[in-house]
Amino acid sequence: MSRIQQVIDTLEAERAEVRQHLAWLDQQINEFHAHNGSPAAPTPARSVRRATARRASNRRATARSRQSDAKASIIEFLAKHPGSTAGDIARALNLNPGSVATRLTQLAKTGQIQKASRGYSVK
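Parameters at a glance
Residues numbered from 1 in each chain as written. Predicted model: local features only at pLDDT ≥ 70, side-chain atom pairs only at ≥ 80, totals over all residues. Heavy atoms only, no water. Helix = DSSP H or I, 4+ residues; strand = E, 2+ residues; numbered from the N terminus. Rg over C-alpha atoms; globule rule 2.2 N^0.38 Å. Buried < 20%, exposed > 50% of the residue type's maximum accessible area, 1.4 Å probe, protein only. Contact = heavy atoms within 4.5 Å. Areas by Shrake-Rupley, 256 points an atom, 1.4 Å probe, with all protein chains shown as cover. Lys, Arg positive; Asp, Glu negative; His and termini not counted. Charge placed at Lys NZ, Arg CZ, Asp CG, Glu CD. Phe/Tyr/Trp six-rings, centres within 6.5 Å; stacked < 30°, edge-to-face > 60°. Lys NZ or Arg CZ within 6 Å of the ring centre and 35° of its normal. Core = buried A, V, L, I, M, F, W, Y, C linked by side-chain atoms within 4.5 Å. Axes fitted to C-alpha atoms, helices over the stretch in contact; angles between N-to-C directions. Parallel < 35°, antiparallel > 145°, perpendicular 65-115°, else oblique. Left-handed = near helix turned anticlockwise from the far one by under 90°. Nonpolar A, V, L, I, M, F, W, Y, C, P; charged D, E, K, R; others polar. Expected span 1.5 Å × (residues − 1). Salt bridge = Lys/Arg side-chain N within 4 Å of Asp/Glu carboxyl O.

Draft legend 1. Inspection of the overall build of the protein chain at higher detail. Along the protein chain, the regular secondary structure elements total four helices and two strands. When the elements of the protein chain are put in sequence order from the N terminus, they spell out α-α-α-α-β-β. Here the protein chain has a C-alpha radius of gyration of 29 Å; the compact-globule value for 123 residues is 14 Å, and the former is much larger. In terms of principal-axis extent, the alpha carbons of the protein chain reach across some 75 × 50 × 20 Å. Counting all 123 residues of the protein chain, 15% fall into the buried class. Of all intrachain contacts in the protein chain linking residues separated by at least 6 positions in sequence, the fraction that spans at least 24 positions is 43%. Approximately 9,600 Å² of the protein chain is accessible, and the part contributed by carbon and sulfur atoms is 55%. Charge separation in the protein chain, taken as the distance between the mean sites of 20 positive and 9 negative side-chain charges, equals 21 Å.

Rendered as structure tokens:
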């Protein structure tokens, strides 16, 4: 018997086991529904794409809320420690140095902070 045929036979055996397990699970679900007096009709499945989009939307919302928290904490840190660099702030606030550098540039452009001879300071 060739190696490919062995792999095919193994996969077919696994498929048969999975089908058998699914049949058992269907039986368990039907018994559960019968025990609870609810109909055994399956509930409509939610769209996978919709669920994925919802999770992504929630992650973006969480990230946006953290951005404002990071912005406030950066400004607060700079008020107490003028002349701090992006690396200093990132270490002190346990943030990503690249994100801090980007946020500092944005804050400087909006005029909320200013670039000092070394690092940044609050206006």
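Draft legend 2. Looking closely at the packing of aromatic side chains. Scanning the model with the defined rule gives zero aromatic pairs in all. Here the basic side chain of Lys115 rests over the ring of Tyr120, its NZ or CZ set 4.9 Å away from the ring centre.

Draft legend 3. Expanded view of the nonpolar core. Ranked by size, the top nonpolar core spans eleven residues in total: Ile74, Phe77, Leu78, Ala86, Ile89, Ala90, Val100, Leu104, Leu107, Ile113 and Tyr120. Residue assignment for this core shows that the elements contributing at least two residues are α2 (48-80), α3 (86-93) and α4 (97-110). In this view, Ile89 contacts Ile74, Phe77, Leu78, Ser84, Val100 and Leu104; residues no more than four positions away in its chain are not counted.

Draft legend 4. Main features of the packing of α3 against α4. Where α3 meets α4, the axes come as close as 9 Å, and the angle between the chain directions of the two elements is 125°. As summarised for this structure, α3 and α4 are arranged oblique, according to the angle between their axes. The handedness of the crossing between α3 and α4 is right-handed. Where α3 abuts α4, its residues Ala86, Ile89 and Ala90 lie against Pro97, Val100, Ala101 and Leu104. Split into classes, the residues belonging to the contact of α3 with α4 amount to seven nonpolar, no polar and no charged.

Draft legend 5. Summary view of helix α1 (residues 3-36). Given a rise of 1.5 Å per residue, 34 residues ought to cover 50 Å, and the 49 Å separating the end C-alpha atoms of α1 matches this to within 8%. Count one or two residues on from α1 and you reach Gly37, which has phi positive near 75°.

Draft legend 6. Local environment of the pattern of salt bridges. Applying the stated criterion to the full structure yields three salt bridges. One salt bridge in this structure joins Lys80 and Glu76, with 3.6 Å as the shortest N-O distance. On the criterion of helical spacing, the pair formed by Lys80 and Glu76 is a turn pair, its members being four residues apart in helix α2. Of the residues examined, Lys80 reaches a relative accessible area of 59% and is grouped as exposed. When salt bridges with common partners are traced through the structure, they connect Asp88, Arg91 and Arg118 into a single cluster.

Draft legend 7. Region of interest: the environment of Gly111. When you line up the elements, Gly111 lands in the loop between α4 and β1 (113-115). Overall, Gly111 belongs to the partly exposed group, its relative accessible area being 27%. Between the alpha carbons of Gly111 and Val122 there is a distance of 9.1 Å; along the sequence they are eleven residues apart.

All quantities given are derived from atomic positions and should not be read as evidence of function.
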